[in-house]
Amino acid sequence: TIDEFFEVLPMIQQLSQKSMRARHWEAVMVACGGTVPMDEEGPSVEQCKLQHVLDLGMLKVAEEVEDITGGSSKELQIEDKLGAIVDLW
(Lines give C-alpha, C1' and ligand atoms only; values in the text may rest on other atoms or scores of the structure.)
Protein backbone atom coordinates (compact mmCIF):
# COMPACT_ATOMS: atom_id res chain seq x y z
CA THR A 1 0.00 0.00 0.00
CA ILE A 2 0.97 3.64 -0.22
CA ASP A 3 1.35 3.88 3.56
CA GLU A 4 3.82 0.97 3.57
CA PHE A 5 5.75 2.56 0.71
CA PHE A 6 6.09 5.81 2.68
CA GLU A 7 7.40 3.78 5.62
CA VAL A 8 10.04 2.03 3.51
CA LEU A 9 11.02 5.11 1.46
CA PRO A 10 13.58 6.46 3.99
CA MET A 11 15.31 3.05 3.98
CA ILE A 12 15.39 3.04 0.18
CA GLN A 13 17.02 6.47 0.28
CA GLN A 14 19.64 5.16 2.72
CA LEU A 15 20.26 2.11 0.55
CA SER A 16 20.92 4.36 -2.45
CA GLN A 17 23.89 6.08 -0.79
CA LYS A 18 27.25 5.68 -2.50
CA SER A 19 28.61 4.20 0.72
CA MET A 20 26.55 1.03 0.23
CA ARG A 21 28.91 -1.62 -1.10
CA ALA A 22 28.18 -5.20 -2.10
CA ARG A 23 29.08 -6.42 1.42
CA HIS A 24 26.46 -4.12 2.90
CA TRP A 25 23.84 -5.33 0.45
CA GLU A 26 24.75 -8.92 1.35
CA ALA A 27 24.15 -8.07 5.01
CA VAL A 28 20.78 -6.49 4.16
CA MET A 29 19.74 -9.57 2.20
CA VAL A 30 20.76 -11.87 5.07
CA ALA A 31 18.83 -9.73 7.56
CA CYS A 32 15.75 -9.73 5.33
CA GLY A 33 16.02 -13.34 4.21
CA GLY A 34 15.68 -12.40 0.53
CA THR A 35 17.78 -11.50 -2.49
CA VAL A 36 18.09 -8.89 -5.20
CA PRO A 37 19.96 -9.30 -8.50
CA MET A 38 23.58 -8.35 -7.78
CA ASP A 39 26.79 -7.65 -9.65
CA GLU A 40 30.26 -7.14 -8.12
CA GLU A 41 29.45 -3.61 -6.87
CA GLY A 42 25.94 -4.11 -5.54
CA PRO A 43 22.47 -4.38 -7.02
CA SER A 44 22.65 -4.91 -10.77
CA VAL A 45 21.76 -1.71 -12.60
CA GLU A 46 20.33 -3.67 -15.51
CA GLN A 47 18.42 -6.32 -13.57
CA CYS A 48 17.51 -4.98 -10.13
CA LYS A 49 14.22 -3.12 -10.00
CA LEU A 50 12.54 -1.22 -7.19
CA GLN A 51 10.14 -4.13 -6.75
CA HIS A 52 13.07 -6.44 -5.94
CA VAL A 53 14.08 -4.12 -3.12
CA LEU A 54 10.51 -3.74 -1.87
CA ASP A 55 10.07 -7.51 -1.91
CA LEU A 56 12.88 -7.86 0.65
CA GLY A 57 10.39 -6.89 3.35
CA MET A 58 12.71 -4.45 5.09
CA LEU A 59 10.04 -3.12 7.43
CA LYS A 60 10.29 -6.32 9.49
CA VAL A 61 13.99 -5.71 10.14
CA ALA A 62 14.09 -1.91 9.86
CA GLU A 63 16.53 -1.43 12.74
CA GLU A 64 19.01 -3.91 11.28
CA VAL A 65 18.80 -2.25 7.85
CA GLU A 66 19.32 1.18 9.42
CA ASP A 67 22.35 -0.15 11.35
CA ILE A 68 23.84 -1.53 8.13
CA THR A 69 23.28 1.67 6.14
CA GLY A 70 24.55 3.83 9.00
CA GLY A 71 27.62 1.63 9.31
CA SER A 72 28.31 1.94 5.59
CA SER A 73 28.28 5.75 5.88
CA LYS A 74 30.71 5.65 8.79
CA GLU A 75 32.99 3.24 6.91
CA LEU A 76 33.07 5.59 3.92
CA GLN A 77 34.01 8.52 6.18
CA ILE A 78 36.87 6.50 7.65
CA GLU A 79 38.03 5.43 4.17
CA ASP A 80 38.00 9.06 3.02
CA LYS A 81 40.00 10.20 6.05
CA LEU A 82 42.52 7.39 5.61
CA GLY A 83 42.87 8.33 1.96
CA ALA A 84 43.57 11.94 2.94
CA ILE A 85 46.23 10.78 5.44
CA VAL A 86 47.89 8.59 2.82
CA ASP A 87 47.95 11.55 0.43
CA LEU A 88 49.68 13.69 3.07
CA TRP A 89 52.40 11.12 3.64
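Attention here is on the structure that accompanies the text. Since we're looking at a predicted model, the values are computed, not measured.

**Quick word on helix α4 (residues 62-88)**
1) Next: A rise of 1.5 Å per residue sets the reference length of α4, with its 27 residues, at 39 Å; its end C-alpha atoms lie 39 Å apart and thus fit the reference within 8%.
2) Next: Restricting attention to buried positions, one finds in α4 the residues Val65, Ile68, Thr69, Ser72 and Leu76.
3) Next: On its buried face, α4 sits against α1 (2-15) and α2 (22-32).

**Overview of the nonpolar core**
1) Next: Counting 18 residues, the largest nonpolar core has Leu15, Val28, Val53, Met58 and Val65 as the members making the most contacts within it.
2) Next: Looking at this core, the elements with two or more residues in it are α1, α2 and α4.
3) Next: When sequence neighbours within four positions are dropped, the list of residues in contact with Val53 reads Ile12, Leu15, Trp25, Val36, Cys48 and Met58.

**Considerations on the environment of Arg21**
1) Next: Along the chain, Arg21 turns up in the loop between α1 and α2.
2) Next: Between the C-alpha atom of Arg21 and that of Ser72, which follows or precedes it by 51 residues, the distance is 7.6 Å.

What counts and what doesn't
Residues numbered from 1 in each chain as written. Predicted model: local features only at pLDDT ≥ 70, side-chain atom pairs only at ≥ 80, totals over all residues. Heavy atoms only, no water. Helix = DSSP H or I, 4+ residues; strand = E, 2+ residues; numbered from the N terminus. Expected span 1.5 Å × (residues − 1). Buried < 20%, exposed > 50% of the residue type's maximum accessible area, 1.4 Å probe, protein only. Contact = heavy atoms within 4.5 Å. Core = buried A, V, L, I, M, F, W, Y, C linked by side-chain atoms within 4.5 Å.

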